[in-house]
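# Chain and residue survey
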Amino acid sequence: MIKYLGSKRTLVPLIKSVAGRLPVASACDLFAGTTRVGQALRSLGISVHSNDLATYSEVLGQAYIVADETLDRERIAAVLAELSALEGREGYFTEAFCCRARFFQPENGARIDAIRDAIDGYALSEVERGVVLTSLLEAADRVDSTTGLQMAYLKAWAPRSYNELSLRLPEPVAGPAGSVSRLDANVLAPQLDVDLVYIDPPYNQHSFFSNYHVWETLVRWDAPESYGVANKRVDCRERHSAYNSKRSAPAAFAELLATIRAPWVVVSVSNEGFHDAGEIAELLSGHGYVGRIDVDSKRYVGAQIGIYNPSGEKVGTVSRLRNREILLIAGPDRLLVEEVAGAGASAGPALSAR
Ligand SMILES: C[S@@+](CC[C@H](N)C(=O)[O-])C[C@H]1O[C@@H](n2cnc3c(N)ncnc32)[C@H](O)[C@@H]1O
């Protein structure tokens, strides 16, 4: 799984235990990112629709939400073996992300160039292509030289960047085959016909499109014009999510919640973001009873390393290393909401229900 700011890695067991107690057969992970929440829901036997604006999230969704036992894994393994044997050949990726910026060592960049070019030459179904691209994304992520964000690279090469790029077959996820889309959440929400919607929107001004521009380019392979020390795609300047602006986010969130018809809604809120959990809980009361679980969690790994400027120089340390994640659960059955929130609270000393 790729390093991802705002990823619910540590919260997945809690979200899974919450969803596992609800009467749901289908769900939508509306802001899917890494797709790890959708994977957890799928492993419960729930039919999952994974959605995100990011192209790389769509590819991860093909590999982890859509691919099922009908995927010919031997064929994919053979394709990965052929791709792994290719000689490196410097191209756009090496020039942009290894020479002008230093996200990867040039030897790995040249192999990424050769492999990514070759992928488009294979006759692959959409799901197969998603699995192969996921393998390349994850391989690149294991040898990058960042703190987990692509706004900047480290001044001195990260030790892992010296490792050789190595393609692995993405692990299969058990559960029913789901579906994937790349739509604005507010456009998709009114069309959804599912039992549960999980909502984990961006919570501050930092755009995921900019933070993960290298993955966007690696998947699209469109050699965009770029700018700045991090060589960001020029369209980073135009592509904005309503959820990244303190002014527009509350209205976007309110509109989203008002259009969801699913009986069960689960929302993640961070105490470091734009949204106040109390206000969101009030909006959610339109969906029935609302339970709340507070989780004190370690901040994302980048914060523990420190703050770096676009040249990769450390310019500060972080003041707090802990934040609070809040899980809101809304649905029509009061007893069940209370039971689920109570069970979440007793899942560990870090949790408390209110
Ligand atoms: C906090 S992250 C979700 C992390 C995810 N739950 C995980 O565990 O990996 C928010 C996601 O929302 C996506 N996003 C931003 N604006 C969006 C929009 N308007 N519609 C759909 N997705 C959006 C971003 O690309 C990002 O992946």
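So, here is what we can say about the structure in this document.

Criteria and cut-off values
Residues numbered from 1 in each chain as written. Predicted model: local features only at pLDDT ≥ 70, side-chain atom pairs only at ≥ 80, totals over all residues. Heavy atoms only, no water. Axes fitted to C-alpha atoms, helices over the stretch in contact; angles between N-to-C directions. Helix = DSSP H or I, 4+ residues; strand = E, 2+ residues; numbered from the N terminus. Parallel < 35°, antiparallel > 145°, perpendicular 65-115°, else oblique. Left-handed = near helix turned anticlockwise from the far one by under 90°. Contact = heavy atoms within 4.5 Å. Nonpolar A, V, L, I, M, F, W, Y, C, P; charged D, E, K, R; others polar. Buried < 20%, exposed > 50% of the residue type's maximum accessible area, 1.4 Å probe, protein only. Core = buried A, V, L, I, M, F, W, Y, C linked by side-chain atoms within 4.5 Å. Near = heavy atom within 4 Å. Polar contact = N/O pair within 3.5 Å; in protein donor to acceptor, adjacent residues only side chain to side chain. Salt bridge = Lys/Arg side-chain N within 4 Å of Asp/Glu carboxyl O.

## Some details on the packing of helix α1 (residues 12-20) against helix α2 (residues 36-43)
Each pair of packed helices can be described by the angle between their axes along with the distance between the axes. Their axes nearest at 9 Å, the elements α1 and α2 cross at an angle of 40°. One finds that α1 runs oblique with respect to α2. As for how α1 packs across α2, the hand of that crossing is right-handed. Counted together, Val12, Ile15, Lys16 and Ala19 of α1 and Arg36, Val37, Ala40, Leu41 and Ser43 of α2 form the full contact between these two elements. Here the residues of the contact of α1 with α2 are counted per class, giving six nonpolar, one polar and two charged.

## Re the environment of Ala254
Following the sequence through the fold, Ala254 ends up in helix α11 (residues 249-259). Residue classification places Ala254 among the partly exposed positions, given a relative accessible area of 29%. Each C-alpha atom of the pair Ala254 and Tyr203 lies 14 Å from the other, and the pair is 51 residues apart in sequence.

## Overview of the nonpolar core
Ranked by size, the top nonpolar core spans 48 residues in total, and within it Tyr56, Phe104, Trp215 and Leu218 carry the most contacts. At the level of elements, α3 (55-66), α4 (73-84), α5 (92-100), α6 (106-119), α7 (126-142) and α10 (213-220) are the ones that each hand at least two residues to this core. The biggest single contributor to this core is α7, with seven residues. Among residues more than four places away in sequence, those in contact with Phe104 are Phe93, Phe97, Cys98, Ile112, Ala140, Val143, Asp144, Trp157, Val214 and Trp215.

## Observations concerning the site of the ligand
Taken together, the neighbourhood of the ligand is formed by 20 residues, with Tyr4, Thr34, Asp52, Asp200 and Ser241 sitting nearest. Contact distances for the ligand include 3.4 Å between a nitrogen atom and a backbone N or O atom of Leu53. Asp200 places a side-chain nitrogen or oxygen 2.7 Å from a nitrogen atom of the ligand. For the shell around the ligand, the residue count by class is ten nonpolar, five polar and five charged.

## Some details on the environment of Val173
By the element assignment, Val173 lies in the loop between α7 and β3 (179-181). Each C-alpha atom, one on Val173 and one on Lys232, is 33 Å from the other, the two residues being 59 residues apart in sequence. Beyond its immediate stretch of four places on either side in the chain, Val173 contacts Gln39, Arg42 and Tyr64.

## Considerations on the side chain of Asp200
On the secondary structure map, Asp200 appears in the loop between β4 (196-199) and α9 (208-211). A distance of 3.1 Å separates a polar atom in the side chain of Asp200 from a polar atom in the side chain of Lys8. Here Asp200 is in contact with Gly6, Lys8, Phe31 and Ser268, once residues within four sequence places are set aside.

## A word on the pattern of salt bridges
Evaluation of the coordinates by the stated rule reveals 17 salt bridges. A salt bridge links Arg220 to Asp235, with the nearest nitrogen and oxygen atoms 4.0 Å apart. A residue pair is termed long-range when its members are at least 10 positions apart, and Arg220 in helix α10 and Asp235 in the loop between β6 (232-233) and α11 qualify at 15 residues. Residue classification places Arg220 among the partly exposed positions, given a relative accessible area of 26%. The partner of Arg233 in a salt bridge is Asp222, and the shortest N-O contact between them spans 2.7 Å. Taken together, the residues span a long stretch of sequence, with Arg233 in strand β6 and Asp222 in the loop between α10 and β5 (226-227) at a distance of eleven residues. Exposure remark for Asp222: the relative accessible area of 34% places this residue in the partly exposed category. Connected through salt bridges with shared partners, the residues Glu216, Arg220, Asp222, Arg233 and Asp235 form a single ionic network.

## Some points on the environment of Glu69
As for its position among the elements, Glu69 is in the loop between α3 and α4. Each C-alpha atom of the pair Glu69 and Trp157 lies 40 Å from the other, and the pair is 88 residues apart in sequence.

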